[in-house]
Amino acid sequence: MIKLGFDIGGTTVKAGAVDEEYRIIRKLARPTPKCDGAALCLLIADMARELANGDEISALGITVPGSVDKEGRIVAAVNLGLFDFPIREKMEKLTSVNEVIVRNDADAAGEAELALGALKGVNTGLILTIGTGVGGCLVLGGRLFHGGLDRGTELGHAMLDRGGMLCGCGHRGCIETLCSATAIRRLAEAACREEDGMIRELAEKGREVDAKLLIDCAIAGDGEALRLFDEYTDALADAIASFVNILDPEVIVLGGGVSGAGDFILDPLRKKVPEKCFFGSCGKILAAEAGNDAGVIGSLI
Ligand SMILES: [Zn+2]
């Protein structure tokens, strides 16, 4: 018997076969089909067959970058282009697995961090997952808070910039528009158009223009990349400071691909967030320990 976890991202479907201690023993990744629920379900079923490698599947966990209801239905996943989609029901039919769990990605990351990582033993905490979009969840009383009406919390769609850029959710100026990896990519694209520097130089040599390119150039000490990265961490620190003022958390955890930059992103936040907070100080700012695997593991916990 084997458990399989799937982390459906806006760009990539990451999957893993997990042992009893929630260690990943086999991994797979494929590009995410966009705006096509049927194609996504078929892809998950294919990947499940490959990962199970003949073993019987005891549980299938699926994390989704969007809101999910109690019936395992995707209410809205803007970055997947899926709305009101019964993914659990479809996967039960396609795979004949009895236990199919569907979770919001930030909730899954929160479960993984609570059980095994940076939120272990924490009473009041906050996690922000930064990828194509920005997800987040709250830990209150040592447990994940699923929202008063059980629809979860959408921290990435709290407003940061009134009248700002249009967000995928249809509103303007959400945290996601300025703090996601997509926002960093946008800064890198502008630098390619407007600036003579390392970002443009590497892009012309064929490097993909994405968040990692800007962060790599900043780590290498390129002035323009450092300035843009500083602009980014400033916006992210503003967002975190607002949550600190509401919640006064013991621990703030940063997850998602961008958190892979480690202290290079955490140290500026550790300096800037307290400066922007009402109390002039805040709880610990840590990287998610389950890292990029949080969605895969947390879908099953
Ligand atoms: Zn939004």
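Parameters and conventions
Residues numbered from 1 in each chain as written. Predicted model: local features only at pLDDT ≥ 70, side-chain atom pairs only at ≥ 80, totals over all residues. Pairing = 2+ DSSP bridges. Helix = DSSP H or I, 4+ residues; strand = E, 2+ residues; numbered from the N terminus. Axes fitted to C-alpha atoms, helices over the stretch in contact; angles between N-to-C directions. Contact = placed C-beta atoms within 7 Å. Buried ≥ 20, exposed ≤ 12 C-beta atoms within 10 Å, placed from the backbone. Domains from an automatic or database assignment. Nonpolar A, V, L, I, M, F, W, Y, C, P; charged D, E, K, R; others polar. Core = buried A, V, L, I, M, F, W, Y, C linked by C-beta atoms within 7 Å.

Some thoughts on the sheet that holds strand β12 (residues 251-255)
Reading across from one edge, β11-β10-β9-β12-β13 is the order of the 5 strands in this open sheet, with mixed pairing throughout. Every other strand in the sheet has two partners, leaving β11 (143-145) and β13 (284-287) as the edge strands with one partner each. Averaged over neighbouring strand pairs, the angle between their axes works out to 25° when direction is ignored. Judged from the 5 bridges that link them, strand β9 (residues 125-130) and β12 form a sheet pairing that is parallel. Bridging across to β12, Gly125 finds its partner in Val251. Across the sheet, helix α9 (residues 263-276) touches β12 and β13, and the angle it forms with β13 is around 160°.

A look at the pairing of strand β1 (residues 2-8)
Taken across its 7 residues, β1 has 6 buried, putting it largely inside the fold. As paired elements, β1 and strand β4 (residues 57-64) share 6 bridges and run parallel to each other. Pairing of Asp7 across the sheet is with Thr63, part of β4. Of the pairings in the sheet, the one linking β1 to strand β2 (residues 12-18) comprises 6 bridges and is antiparallel in character.

Looking at the domain arrangement of the protein chain
Accessible area lost when the parts come together is the quantity often used to give the size of an interface. Per the domain assignment, the segments making up the protein chain are domain 1 (2-104) and domain 2 (110-293). Summarising the inter-unit geometry, the C-alpha centres of domain 1 and domain 2 are found 25 Å apart. Each partner contributes to the interface: domain 1 provides 13 residues, whereas domain 2 provides 11 residues. Here the side of domain 1 that touches domain 2 is built from residues that sort into 5 nonpolar, 7 polar and 1 charged.

Remarks on the nonpolar core
Ile62, Ile127, Ile199, Leu214, Ile240 and Val253 are the most contacted members of the largest nonpolar core, which totals 90 residues. Ranked by residues supplied to this core, first place goes to helix α8 (residues 223-247) with 10 residues. Two domains share this core, each providing at least three of its residues, namely domain 1 (2-104) and domain 2 (110-293). With residues near it in sequence (within four places) discarded, Ile127 still touches Ala106, Ala109, Gly110, Glu113, Leu119, Gly136, Cys137, Val253, Gly255 and Ala288.

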